[in-house]
Amino acid sequence: MAIRVQRETFDVGAELASLTAGRSDIGAVTSFVGLVRDMAGDAAIGAMTLEHYPGMTEKQLAEIEAEAHRRWPLQATLIVHRYGRMEPGEPIVLCAAASAHREAAFAACHFLIDWLKTRAPFWKLEDTAAGPQWVSAKASDDEAARRWEQDR
Amino acid sequence: MKILWFAWLRTRVGTGEEIVEKPADIATVGALLDWLAARSPGHAQALARRDVVRVAVNQTYVPLDHAVSDGDEIAIFPPVTGG
């Protein structure tokens, strides 16, 4: 189990390689990578700045990760989330889950990102032609997270 | 008591952190928000729509009827948008 909150970018390949390095009990690794897009709806985005709540962020990510381990048989998990300013195309977040078989790894990875999006205290500020705009929370994200409540 | 403001609530209030002396009769998060809203027009604007305000006490999400005490770290912020 590992979580990291950092300003600098990350190398997805290197992160996944280190997750399984030296282990032969892992049969499946799934990952989700969230990237900065250059559009939000029909508005062009120049860059994005992520604010977070140091301390609570790490605490929430650790709780989300622990919950995934309670629900599925996982050999390893990783959450890396960035804060600060990012350009379109840059990675924001990586969630990865490793298990003996693919079903648990797929489900756990999906759960990690869905719960992270509604619980981890991060806020996106987008640079638009009309000036900086705080991103609004999406009802579809709440719906996605609720699905995992029903599945308990 | 330490109050932390994040995202657009922070920009409305004008600061990310303030130390306040809570009146003794304020016992819950909901009462604290009402009291904070009266501190300045910016505070009132930040707290105008309670349905888009989330509160954490000592870094844990809490409901409006949660108890507050003098040594608490209270964070007030809009729904999160990370990931």
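Look a little higher up for the structure.
Source: prediction; values computed, not measured.

A.B. asks: Mind showing me how you'd approach the pattern of salt bridges here?
C.D. replies: Pairing of side chains with opposite charge becomes possible as their charged atoms draw close. Residue and element names in this part refer to chain B. Taken as a whole, this structure holds 18 salt bridges over all chains when the rule is applied. The salt bridge partner of Lys2 is Glu73, with a shortest N-O separation of 3.9 Å. On the criterion of sequence distance, the pair formed by Lys2 in strand β1 (residues 2-5) and Glu73 in strand β5 (residues 73-77) is long-range, its members being 71 residues apart. Given the relative accessible area of 30%, Lys2 is considered partly exposed. When the shortest N-O distance is used, the salt bridge between Asp70 and Lys22 registers 4.0 Å. Of this pair, Asp70 sits in the loop between β4 (60-61) and β5 while Lys22 sits in the loop between β2 (17-19) and α2 (29-37); the two residues are 48 residues apart in sequence, bridging distant segments of the chain. Classification of Asp70 as exposed rests on a relative accessible area of 52%.

A.B. asks: Just checking my understanding: could you explain the layout of surface pockets for this structure?
C.D. replies: Empty pockets left among the atoms are what a rolling probe the size of a water molecule brings to light. Approximately 890 Å³ is the volume attributed to the largest pocket. As for the largest pocket, its lining consists of 37 residues, and the residues nearest its centre are A:Lys117, A:Asp141, B:Val80, B:Thr81 and B:Gly82. If you list the elements that add at least two residues to the lining of the largest pocket, you get β2 (28-35), β3 (39-40), α2 (56-71), α3 (102-119), β9 (122-128) and α4 (139-150) of chain A together with β4 of chain B. The class makeup of the residues in the lining of the largest pocket is 17 nonpolar, nine polar and 11 charged. Its boundaries defined by the atoms lining it, the second largest pocket holds a volume of some 190 Å³. With three residues, the top contributor of residues to the lining of the second largest pocket is helix α1 (residues 7-13) of chain B. Partitioned by chemical class, the residues of the lining of the second largest pocket number nine nonpolar, two polar and two charged.

Reading the values: the criteria
Residues numbered from 1 in each chain as written. Chains lettered and ligands numbered in written order. Predicted model: local features only at pLDDT ≥ 70, side-chain atom pairs only at ≥ 80, totals over all residues. Heavy atoms only, no water. Salt bridge = Lys/Arg side-chain N within 4 Å of Asp/Glu carboxyl O. Helix = DSSP H or I, 4+ residues; strand = E, 2+ residues; numbered from the N terminus. Buried < 20%, exposed > 50% of the residue type's maximum accessible area, 1.4 Å probe, protein only. 1 Å grid on protein atoms, 1.4 Å probe; cavity = no way out; pocket = protein on both sides within 12 Å on 5 of 7 lines; lining within 4 Å. Points joined across faces, edges and corners; volume = space filled by probe spheres on them. Nonpolar A, V, L, I, M, F, W, Y, C, P; charged D, E, K, R; others polar.

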